[in-house]
Structure formats: structure tokens, C-alpha cells
Amino acid sequence: MIQLCRAGALCPRRALLPTLMSTPTAAPTAALSDALQTARSQPEPGCYIGRFAPSPTGPLHFGSLLAALASYLDARHANGQWLLRIEDLDPPREEPGASHHILSTLEAYGLNWDGSVRYQSQRQAAYQHGLQQLADKGVAFPCGCSRKQLQGRLHLRHCLNPPDRSQDYAWRFRVDPNSAPLCFQDRLQGRVCLSPANDIGDFVIRRRDQLWSYQLAVVLDDRDQGINQIVRGIDLIDSTQRQLLIYQAFDWSAPQYAHIPVATEANGQKLSKQNLALPLQPDPSGQTLWLALDWLRQHPPVALQYEGNPSVLQWAIQHWQPAALNGIHGLPAPVSFQRSPAGLRS
């Protein structure tokens, strides 16, 4: 159940230094393995703290706006905080100026965040500390296995010997090969289960090129920032169990999750930067936000369509009904935000 904050009240912050499991182990204990079967998804005591965390690999598109708007409305409807984090962990894929463009686009639509913007590129020491803690617990290990060696298989205890430290190697999170399915209750998609051994395997938490993986960084930052509610696209739902495994290894309570549908092109392809989705342009008229609300099945009044972004947001915060998206995985984007048929690849 989401805890509402009093209007104008500030949500309390959790301590920056987490409480870790006190006894290191060489491998996951039986108690930890049992705990992994049903991950806790209830927020810590305190008010709603949500976030939007885009990667600066290009400009925002209509799908990005949907994720930002849904997470913003969910937080503001609960009188909670909405934080902004730039996940700039992959310099080779980042586009110069993209971070500034993301911030200016959000501001143009009136999606104003609380506090300062966090940049993951400034969090290297925190990620190194988290990796060391997992290694001390016996749930993180160095791995020199290449994709060629794995031949498309999941990694599950393939690296029996320590890698040659003079060569590039990754760090992986150790999964119990005998673990039962790990499930969580999504606010929109219901009960979601994956088998850590059969669906996930020992997953990478630091890459061979020494860049940090999304899975480790997102957990450490969400915990550090006190995030207890996550609203994001369903394309990330399969990452949730990996993140829950990390939460459980630290003996931390996980946030509550709500995965919204993805917007698609006419051919069913997800709107994404990788698929060359049309860049989102500032629109002060309110029409773009109105279209986003309509796509999110919020049924905004037609008369509101050109009343400006502040009026549209005011109505949307009051009338936010996320349950309208229950069980939906994807919906076509409005035609004006789809690429032309000639530009679509089947």
C-alpha cells in the first residue's frame, strides 16, 4: 500500500550508509536462498519517493515521455517526491549534449523534479564499495568467460577457476543453481516470476571493459536515494528479479514496482532511441501531454487539450488512475509520434 505524504510535507530520507549483512559467507546461505524465493517488495516506512532515470544516449521520445509522466503523476498524486537521475554509465553509447537536452525537455513540459540531479558517472566509489561488499559475502565473483565460450548459454557456475587477472574480466552475481522461482507482485502486471537458475544465471554486475552494469548501479542508487516506488516501462520488467537478488543479498527491502506498457511503432517495434524513435519536441500548448494522458488511458477532457501544460498536469495529478493500465503490455503510439511507413524496418 502506498503511503501518502501530507501536502507540502517532505518525505524523510534514509541513511546514506546501508545496513549490511554482518557475517560474510563463501556462498549464499540456506536462509538467503529461502528468502530469495519471494522477494520483499514493500517500501520502507516513510513517504512516497519515486524517480525517473533516463540514459543520455539520445533525446527523449514519446515513449520516454510516457515513463516520465507516469512516474511523475504517481509521485505527485501521493504528495511524494520525484527525483531525477541521469544514468550515464556507458560513455561509448552516450550522445554529447543529451543530458542537457533531457533536462530542458522535462522542464519544457513542466515535469519539475525535487532536489538536485544525480549523475551515475559521479558514483564510481559507491559502486566499487558495493561490489566489494558482495564479493565479501561470496555472491560476487570475477569471471573471464567470453560470449564465445558460453555459446549463447546462461552463465551458471562455468567459471570454476579464478580468471587471469592480467586479462580483462567481468564480475558476476552468483545465482543458486537450485533456487526456486523468484516472484514479485507488480502493481500493474500482477505476479511476475522468473527462475534465477533457468532464466537469469550468474549475471554481470561489472563488465569486462570495467564499466558498471545497470543492475548493480540502479540498486545502489535507488537505495541510497530512498526510492521506494518505481514506475517504469515493461521492457525493464525482466531486470527486476536481478535487482531483487541484489537487494536480498544486502538484506535490504526492495521498492514496489509498477511497469507501464511500452509504446510501439505501426509494425509493433518498441519506440526507442536504438530504433530511431522520433525525438520529442517541446510543446507548451498542452496537446502532447494530453495525448500522453490519453495513451495512458486517463481519459482527459477534450476541452483540456490546448489549455497549456500547467493546466493539463494539474488535472492529471488530481485524476491519476494507474489501474487503467492493469495487464497491458504495449499499445501503438499516436500516429504523429511514429516514424513514417517508409522508415520502418520489419
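Small disclaimer: the values here were computed from a predicted structure and weren't measured.

Colleague: I'm lost on the packing of helix α2 (residues 62–77) against helix α9 (residues 287–295) in this one. Help?
Modeller: In helix packing, the relevant descriptors are the interaxial angle and the interaxial distance, both defined with respect to the helix axes. Between α2 and α9, the shortest axis-to-axis distance is 10 Å and the interhelical angle comes to 75°. Taken together, the axes of α2 and α9 lie roughly perpendicular to each other. On α9, the residues touching F62, L65, L66, L69 and L73 of α2 are T288, L289, L291, A292, L293 and W295. Partitioning the contact of α2 with α9 into residue classes produces 10 nonpolar, 1 polar and no charged.

Colleague: Could you clarify how one ought to interpret the sheet that holds strand β8 (residues 203–206) in this entry?
Modeller: Two strands in a sheet stick together by hydrogen bonds in their backbones, pointing the same way (parallel) or opposite ways (antiparallel). Within the open sheet, the 3 strands sit side by side as β4-β5-β8. Their pairing is antiparallel. Looking at which strands have only one partner, the edges of the open sheet turn out to be β4 (140–143) and β8. Strand-to-strand twist across the sheet, computed as the mean angle between neighbouring axes with direction ignored, equals 45°. Note that strand β5 (residues 170–173) and β8 share 3 bridges and pair antiparallel. Of the residues in β8, the one forming a bridge with R172 is V204.

Colleague: What should I look at first to understand the packing of aromatic side chains in this one?
Modeller: Pairs of aromatic rings are described using the distance from one ring centre to the other and the angle between the two planes. Evaluated as defined, the whole model comprises 9 aromatic pairs. Judged by centre distance (4.5 Å) and plane angle (25°), the ring pair of F62 and F337 falls under stacked. With F62 in helix α2 and F337 in the segment after β12 (330–332), this pair connects stretches of sequence that are 275 residues apart. The pair F62 / F337 is uniform in exposure class, with both members buried. A ring pair is formed by F184 and Y257, whose centres lie 5.9 Å apart and whose planes are at 65°; its orientation type is edge-to-face. Separated by 73 residues along the polypeptide, F184 in strand β6 (residues 182–186) and Y257 in strand β10 (residues 256–260) bring together distant segments of the chain. Classification of F184 as buried rests on a relative accessible area of 2%. A connected cluster of aromatic rings, assembled from ring pairs, spans F52, Y72 and W82. Geometry around W212 places R206 over its ring, the cationic atom sitting 4.0 Å from the centre.

Colleague: Before we go on, may I ask you to explain the packing of α9 against helix α10 (residues 309–319) in this structure?
Modeller: Packing of α9 against α10 brings their axes to within 8 Å, and their N-to-C directions diverge by 25°. The angle between α9 and α10 places the two elements in the roughly parallel class. In this structure, the crossing between α9 and α10 has a hand that is left-handed. Counted together, L289, W290 and L293 of α9 and N309, V312, L313, W315 and A316 of α10 form the full contact between these two elements.

Colleague: Before we go on, may I ask you to explain the sheet that holds strand β2 (residues 81–86) in this structure?
Modeller: Taken in spatial order, the 3 strands of this open sheet run β1-β2-β3, and their pairing is parallel. Since the sheet does not close on itself, it has two edges, and those belong to β1 (49–52) and β3 (118–119), each with one partner. Pairing of β1 with β2, which is carried by 4 bridges, proceeds in the parallel orientation. Its bridge partner lying in β2, F52 is registered against L84.

Colleague: Help me out: how do you make sense of the side chain of Q338 in this one?
Modeller: When you line up the elements, Q338 lands in the segment after β12. Look at Q338 and you get buried, because its relative accessible area is 14%. In this structure the side chain of Q338 is engaged in a polar contact, spanning 3.3 Å, whose partner is the backbone nitrogen of A266. Not counting residues within four places of it along the chain, the set of residues in contact with Q338 comprises T264, E265, A266, L278, P332 and A333.

Thresholds applied
- Residues numbered from 1 in each chain as written.
- Predicted model: local features only at pLDDT ≥ 70, side-chain atom pairs only at ≥ 80, totals over all residues.
- Heavy atoms only, no water.
- Axes fitted to C-alpha atoms, helices over the stretch in contact; angles between N-to-C directions.
- Helix = DSSP H or I, 4+ residues; strand = E, 2+ residues; numbered from the N terminus.
- Parallel < 35°, antiparallel > 145°, perpendicular 65-115°, else oblique.
- Contact = heavy atoms within 4.5 Å.
- Nonpolar A, V, L, I, M, F, W, Y, C, P; charged D, E, K, R; others polar.
- Pairing = 2+ DSSP bridges.
- Phe/Tyr/Trp six-rings, centres within 6.5 Å; stacked < 30°, edge-to-face > 60°.
- Buried < 20%, exposed > 50% of the residue type's maximum accessible area, 1.4 Å probe, protein only.
- Lys NZ or Arg CZ within 6 Å of the ring centre and 35° of its normal.
- Left-handed = near helix turned anticlockwise from the far one by under 90°.
- Polar contact = N/O pair within 3.5 Å; in protein donor to acceptor, adjacent residues only side chain to side chain.

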